[in-house]
Amino acid sequence: MTQLERARAGEVTSAMERIAEREQVDPEYVREQVAEGQAVIPANRHHDALDPMIIGREFSTKVNANIGASETTSDISEELEKLHTAVHYGADTVMDLSTGGGDLDAIRQANVDHSPVPVGTVPIYEARKQVDAVEDLTAELLLDVIEKQAEQGVDYMTIHAGVLMEHLPLTDGRKTGIVSRGGSLLAQWIEENAMQNPLYTHFEEICEIFAEHDVTFSLGDGLRPGCIADAGDEAQYAELETLGDLTRTAWDHDVQVMVEGPGHVPMDQIPEQIERQREVCDGAPFYVLGPLVTDVAPGYDHITSSIGAAIAGQSGAAMLCYVTPKEHLGLPDKEDVRDGLAAYRIAAHAADVANDRPGASDWDDALSEARYAFDWNEQFDLALDPERAKEYHDQTLPGDNYKDARFCSMCGAEFCSMRIDQDARDADGEMDDIADDTDLDESPAADVNRPPVGSHDTSNVPPVEDVVDDATEDLLADD
Ligand code: SF4
């Protein structure tokens with residue numbers, strides 16, 4: 001039985017209990033949200049290392065990081081290092097988007113075996129690798145790949161079943177056509193074969209596979225806008241209507257669903273896009289890429305997109321797919337993953353603060369108190385990226401004697417406004433009125449709204465050396 005089926009039957013599962021603990025809510029509330037399709041627990045029953053989490057509008061905003069090998073990189077140990085980096089910097093889920101770089105099955109299995117967070121994939125990528133030309137893809141091959149990945153323990157899969165033959169003419173005249181990898185592959189397949197999208201025509205068979213292994217749908221937005229000029233056009237909204245129908249079909253099979261969203265959207269259009277998805281898809285969680293709010297900043301798209309992500313999160317998006325500084329330019333490395341995750345953890349937390357999630361701002365308050373007290377070490381410890389905060393501070397004032405200094409190099413000792421303010425209050429006897437009593441141990445905040453980020457329970461994750469030395473070698477030997 002899937003988490004959805006059990007929730008509908010009134011059962012509070014152990015995953016729901018754990019999520020209630022992490023989110024600081026009643027387990028029964030978790031069950032209700034899942035039963036109503038308003039939240040999903042991506043938890044393939046074969047994923048033993050998983051620390052269960054939830055994605056839904058009524059829970060803390062989550063962040064996904066894409067990892068994976070490409071033609072030019074990488075090997076399993078490099079991939080596991082990327083996984084570790086992503087989880088360490090606070091990814092709530094990861095997507096293995098590998099398209100090359102060795103044995104895709106072995107890389108995927110190693111990621112699932114070593115990930116305490118849900119792992120997502122886009123199975124059409126692997127299917128495409130198995131044929132010479134896009135038009136040679138078959139429904140049977142797609143179903144075989146989906147089933148194999150489900151058996152490996154993949155928790156959610158992007159299925160671009162909403163790209164229909166009749167939608168394709170609507171993309172004519174766009175500035176950037178079809179920018180989704182899955183969307184562009186399927187559009188080519190449809191045109192070459194003059195047949196309907198096989199993921200659409202075989203959707204119920206996919207539902208049956210997902211129900212057996214409890215895989216969650218991430219309904220792909222293959223026709224998402226690739227620039228702000230294309231945002232909210234007929235093609236995007238026609239696909240969204242289809243995704244709404246597919247959501248209800250999946251629910252009929254007791255399969256959990258979230259829906260993917262754009263892309264590139266100007267700031268003023270984001271709230272209405274989120275609202276429209278909610279109406280069309282009956283409240284199924286919305287998982288958005290960015291969106292980028294302007295197209296003019298290649299090299300800085302973790303910033304252009306995290307602005308959109310913060311607005312999307314505030315407007316009700318449940319999970320934000322990170323974008324790194326390398327977006328549109330190249331494959332991200334470890335440092336890009338770190339920068340992308342920092343930008344998105346900020347967006348997610350800012351959305352939770354704006355939405356008044358219980359205790360979300362306690363983290364801000366604790367850090368502000370440490371800052372005003374000139375407790376530099378405490379400020380570093382509470383920082384979203386402690387290593388980065390300390391590194392920047394210590395570039396100019398590295399000595400231990402500066403760890404309680406009443407200034408930093410930004411304004412200098414003479415012009416430090418906080419020191420000046422404190423001295424004035426000291427003189428007036430007002431320092432006792434300064435509030436500094438935030439206790440994070442007592443905070444009702446969800447796990448993701450407390451430091452440190454990336455604090456998933458990893459007790460079921462085997463040591464990395466083991467997989468590289470043993471399991472991976474076994475997997476590679478099997479091939
Ligand atoms: S010197 Fe300026 S930036 Fe540094 S602690 Fe004082 S007020 Fe803040």
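This one's a predicted model, so the numbers in the text were calculated from it and none came from an experiment.

Let us now look at the overall build of the protein chain. The helix and strand inventory of the protein chain stands at 20 helices and ten strands. By the compact-globule yardstick of 23 Å for 479 residues, the protein chain fits well, its C-alpha radius of gyration being 23 Å. Each principal axis of the C-alpha atoms in the protein chain carries an extent, and together these give about 80 × 50 × 50 Å. Buried positions account for 55% of the 479 residues belonging to the protein chain. Put simply, 74% of the contacts in the protein chain that link residues at least 6 apart link residues at least 24 apart.

Moving on to the pairing of strand 6 (residues 156-159). The side chains of a regular strand alternate, first on one face of the sheet and then on the other. Across the two faces of strand 6 the burial is the same, with Tyr-156 and Thr-158 and Met-157 and Ile-159 all buried. Sheet topology note: the strand 5 (residues 119-121)/strand 6 ladder contains two bridges and is parallel. Bridging across to strand 6, Gly-120 finds its partner in Tyr-156. Pairing geometry for strand 6 and strand 7 (residues 216-219), over four bridges, is parallel. Bridge assignment links Ile-159 to a residue of strand 7, and that residue is Leu-219.

Take the confidence of the model for the protein chain next. Predicted coordinates in regions of low pLDDT should not be interpreted in detail. Scored by pLDDT, the protein chain has a mean of 94; 96% of the residues are at 70 or more. Across residues 471-479, where pLDDT falls below 50, the model places eleven contacts with residues more than four positions away in sequence or in other chains.

Moving on, we get to the packing of aromatic side chains. What the rule picks out here adds up to six aromatic pairs. Relative to Phe-59, the ring of Tyr-29 lies with its centre 5.8 Å away and its plane at 45°, an arrangement referred to as tilted. In this pair, Tyr-29 sits in helix 3 (residues 27-35) while Phe-59 sits in the loop between strand 2 (55-56) and strand 3 (62-67), placing the two residues 30 residues apart along the sequence. Assessed through its relative accessible area of 28%, Tyr-29 is described here as partly exposed. When the ring of Phe-210 is compared with that of Phe-217, the centres are 4.3 Å apart and the planes differ by 40°; the resulting orientation is tilted.

The next thing to look at is the site of the ligand. Taken together, the neighbourhood of the ligand is formed by Phe-374, Cys-408, Met-410, Cys-411, Gly-412, Cys-416, Ser-417 and Met-418. Each residue belonging to the shell around the ligand can be placed in one class, and the counts come to six nonpolar, two polar and no charged.

What follows is about empty space enclosed by the protein. For the structure shown, the criterion picks out seven cavities of 30 Å³ or more. Empty space within the largest cavity amounts to approximately 100 Å³. Gln-236, Leu-240, Glu-260, Gly-261 and Pro-262 are the residues nearest the centre of the largest cavity, which is lined by 13 residues in total. Elements with a contribution of two residues or more to the lining of the largest cavity: helix 11 (234-252), strand 8 (257-261) and helix 12 (270-280). Among the elements that take part in the lining of the largest cavity, helix 11 stands out by supplying five residues, more than any other.

Let's shift gears to the nonpolar core. Ile-159, Phe-210, Phe-217 and Leu-341 are the most contacted members of the largest nonpolar core, which totals 99 residues. The dominant element in this core, judged by the number of residues it contributes, is helix 11, at seven residues. Within the second largest apolar cluster, 14 residues are counted, among which are Ile-19, Ala-20, Ala-35 and Ala-43.

Attention now moves to the pairing of strand 3. For strand 3, a buried count of five out of six residues is recorded, marking the element as mostly surrounded by other parts of the structure. By the bridge criterion, three bridges tie strand 3 to strand 10 (residues 319-321) in an arrangement that is parallel. Looking at the pairing, Asn-64 lines up with Cys-321 of strand 10.

Moving on, we come to the side chain of Gln-422. Along the chain, Gln-422 falls in helix 19 (residues 417-428). Among the residues examined, Gln-422 registers a relative accessible area of 8% and is labelled buried. Side-chain polar atoms of Gln-422 contact the backbone oxygen of Tyr-372, separated by 2.4 Å. Those residues in contact with Gln-422, other than ones at most four positions away along the chain, are Tyr-372, Phe-374, Arg-406 and Met-431.

Overall, parallel pairing links the eight strands, which are arranged 3-4-5-6-7-8-9-10 in a closed barrel. Across this sheet, the average inter-strand angle for adjacent strands is 25°, counted without regard to direction. Contacts from helix 10 (residues 203-213) reach strand 6 and strand 7 within the one sheet, and its direction differs from that of strand 7 by about 140°. Sitting on the sheet, helix 14 (residues 334-354) is in contact with strand 3 and strand 10, with an inclination near 160° to strand 3.

Looking now at a negative patch on the surface. Side chains of Glu-140, Asp-144, Glu-204, Glu-205, Glu-208 and Asp-252 sit close together on the surface and give a patch of like negative charge. Elements with a minimum of two residues in the negative patch: helix 7 (139-152) and helix 10. Of the residues forming the negative patch, the biggest block, three residues, is contributed by helix 10. Tracing the sequence through the fold places Asp-252 in helix 11.

When you line up the elements, Arg-22 lands in helix 2 (residues 14-23). Residue classification places Arg-22 among the buried positions, given a relative accessible area of 10%. In terms of polar contacts, Arg-22 uses its side chain to reach the backbone carbonyl oxygen of Asp-51, at 3.2 Å. Setting aside anything within four residues of it in sequence, one finds Arg-22 in contact with Asp-51, Pro-52, Met-53, Ala-446, Asp-447 and His-456.

Reading the values: the criteria
Residues numbered from 1 in each chain as written. Predicted model: local features only at pLDDT ≥ 70, side-chain atom pairs only at ≥ 80, totals over all residues. Heavy atoms only, no water. Helix = DSSP H or I, 4+ residues; strand = E, 2+ residues; numbered from the N terminus. Rg over C-alpha atoms; globule rule 2.2 N^0.38 Å. Buried < 20%, exposed > 50% of the residue type's maximum accessible area, 1.4 Å probe, protein only. Contact = heavy atoms within 4.5 Å. Pairing = 2+ DSSP bridges. pLDDT = per-residue confidence, 0-100. Phe/Tyr/Trp six-rings, centres within 6.5 Å; stacked < 30°, edge-to-face > 60°. Near = heavy atom within 4 Å. Nonpolar A, V, L, I, M, F, W, Y, C, P; charged D, E, K, R; others polar. 1 Å grid on protein atoms, 1.4 Å probe; cavity = no way out; pocket = protein on both sides within 12 Å on 5 of 7 lines; lining within 4 Å. Points joined across faces, edges and corners; volume = space filled by probe spheres on them. Core = buried A, V, L, I, M, F, W, Y, C linked by side-chain atoms within 4.5 Å. Polar contact = N/O pair within 3.5 Å; in protein donor to acceptor, adjacent residues only side chain to side chain. Axes fitted to C-alpha atoms, helices over the stretch in contact; angles between N-to-C directions. Patch = residues over 30% accessible without salt bridge, like charges linked within 9 Å, V, L, I, M, F, W, Y side chains within 5 Å. Areas by Shrake-Rupley, 256 points an atom, 1.4 Å probe, with all protein chains shown as cover. Salt bridge = Lys/Arg side-chain N within 4 Å of Asp/Glu carboxyl O. Lys, Arg positive; Asp, Glu negative; His and termini not counted. Charge placed at Lys NZ, Arg CZ, Asp CG, Glu CD.

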